[in-house]
Amino acid sequence: MSIKTRTLALGLMMALTFTAGADEGGSYRFQGTGTRDLALAGAAHLGDAGLEAIFLQPASLISITNWQVGAFLQNYGDGLPIQYGTLALAMGSGERMALDGQYRGDSELAIGAAFQYLNATLADDSAWSEWSLAAAAAWSPLRWFSMGGRASYSGGGSEDGQDRAGAFALDFGLRMRFLHPGLEAGVLMKDFWHRLSWVEGSDFKREPSTVLSLGWGGLTLPVLPGDWRVEGRSTNHLSETESFGAGLEWTLLDGFATLRGGFMAWRQGEERNYPTFGFGLKNKGYQIDYGFSPDVDGGFAPRHRISIIHSGS
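Residues numbered from 1 in each chain as written. Predicted model: local features only at pLDDT ≥ 70, side-chain atom pairs only at ≥ 80, totals over all residues. Heavy atoms only, no water.

Some words on the packing of aromatic side chains
Evaluation of the coordinates by the stated rule reveals 11 aromatic pairs. Between Trp-131 and Tyr-153, the aromatic rings sit 5.7 Å apart at their centres with planes inclined by 50 degrees, giving tilted as the arrangement. One end of the pair, Trp-131, is in strand β4 (residues 127-142); the other, Tyr-153, is in strand β5 (residues 145-158), with 22 residues separating them in the sequence. Assessed through its relative accessible area of 31%, Trp-131 is described here as partly exposed. The structure contains a cluster of three or more aromatic residues connected by ring pairs, namely Tyr-28, Trp-128 and Trp-198. (Phe/Tyr/Trp six-rings, centres within 6.5 Å; stacked < 30°, edge-to-face > 60°. Helix = DSSP H or I, 4+ residues; strand = E, 2+ residues; numbered from the N terminus. Buried < 20%, exposed > 50% of the residue type's maximum accessible area, 1.4 Å probe, protein only.)

Here we look at a nonpolar patch on the surface
Nonpolar side chains collect at one region of the surface, where Leu-73, Leu-253, Phe-256, Leu-259, Phe-279, Leu-281, Tyr-286, Ile-288, Ile-306 and Ile-308 lie side by side and expose about 920 Å² of accessible area between them. Looking at the nonpolar patch, the elements that each hand over two or more residues are β13 (272-283), β14 (286-293) and β15 (303-311). Relative to the helices and strands, Ile-308 is located in strand β15. Looking at Ile-308, the relative accessible area reads 40%, which means it is partly exposed. (Patch = residues over 30% accessible without salt bridge, like charges linked within 9 Å, V, L, I, M, F, W, Y side chains within 5 Å. Areas by Shrake-Rupley, 256 points an atom, 1.4 Å probe, with all protein chains shown as cover. Salt bridge = Lys/Arg side-chain N within 4 Å of Asp/Glu carboxyl O.)

Concerning the nonpolar core
Within the largest apolar cluster, 21 residues are counted, with the highest numbers of intra-cluster contacts made by Phe-30, Leu-51, Ile-54, Leu-61, Phe-72, Ala-88 and Ala-90. Tyr-76, Leu-118, Ala-167 and Ala-301 belong to the second-largest nonpolar core, a separate cluster that totals 11 residues. (Core = buried A, V, L, I, M, F, W, Y, C linked by side-chain atoms within 4.5 Å.)

Considerations on the pairing of strand β11 (residues 240-252)
Here strand β10 (residues 224-237) runs beside β11; their pairing, made up of 11 bridges, is antiparallel. By the bridge assignment, Thr-235 is partnered in β11 with Ser-243. Where β10 folds back on β11, the antiparallel hairpin that results is connected by two residues, among which Leu-238 adopts a positive phi of roughly 55 degrees. Here β11 pairs with strand β12 (residues 257-266) via 10 bridges, running antiparallel. Within β12, the position partnered with Trp-250 by the bridge is Leu-259. Counting the residues in the hairpin turn of β11 and β12 gives four residues, including Leu-253, whose phi is positive at 55 degrees. (Pairing = 2+ DSSP bridges.)

Remarks on the side chain of Ser-307
With respect to the secondary-structure elements, Ser-307 resides in strand β15. Given a relative accessible area of 2%, Ser-307 falls into the buried group. Separated by 3.1 Å, the side chains of Ser-307 and Thr-35 make a polar contact. When sequence neighbours within four positions are dropped, the list of residues in contact with Ser-307 reads Thr-35, Ala-71, Phe-72, Gln-287, Ile-288 and Asp-289. (Polar contact = N/O pair within 3.5 Å; in protein donor to acceptor, adjacent residues only side chain to side chain. Contact = heavy atoms within 4.5 Å.)

Quick look at the structure:
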């Protein structure tokens, strides 16, 4: 297979696969592998985002008040030969005094880092691999406002070394609370600065995308136990709406178990709609999450994600 043909085949494979799930698209980038986020149809940017804020909205990293370390794995149904995993860690400066008796305070400062590895088998049975390093930081100068940034570098390519590249990207985000400690809004400028360079070839620049999100947590219903959270997200690219996602989270048994569901609607390219779902278990500083997306129209196969996170006390 020629270099150009192989590159084109990989580009199609990555574009179809990753755009099917989380507004990523293409290769050579730090992918959003949040398990909770997949279960909520890409709408987990706000609230107690925790370690997944490294993938999504860096301004939400302040929800970490001590330290967290976790591993994330994504697999595909039907034997699709693409897998990737992520190791991440983050630390916050410590919980500030809560705004009231129900909602805890976030950290004033938080930092995080992640390493990600992707492996794919191409049509000619040759191997393709990529890796990414990302660092994120968040600052909350006011209780109702935080800002964050993420820098990432991705590299790799074909096993024969003929098609290799590296990419650098910067993302910036803002997170705000309005009217009530549980009502939040966020804006993320994704690929605020981006540059991909082939080792032997030209450079490429991604156009920025804007991600808008709105969430409300700590809700209770008189007929059902537990706490509820709703969140919605829209992604806009090149002045057009790319996708909408909405998720609902139900936390039971004093935080031990969480049920999640979402609905995704794509409006760029082939329009399609599909549900997502997942669950989480948390006990003694450990959290295990599972997320599933059945979308097969725009991708090669349904996606499964699982993660385990350990939080310091």
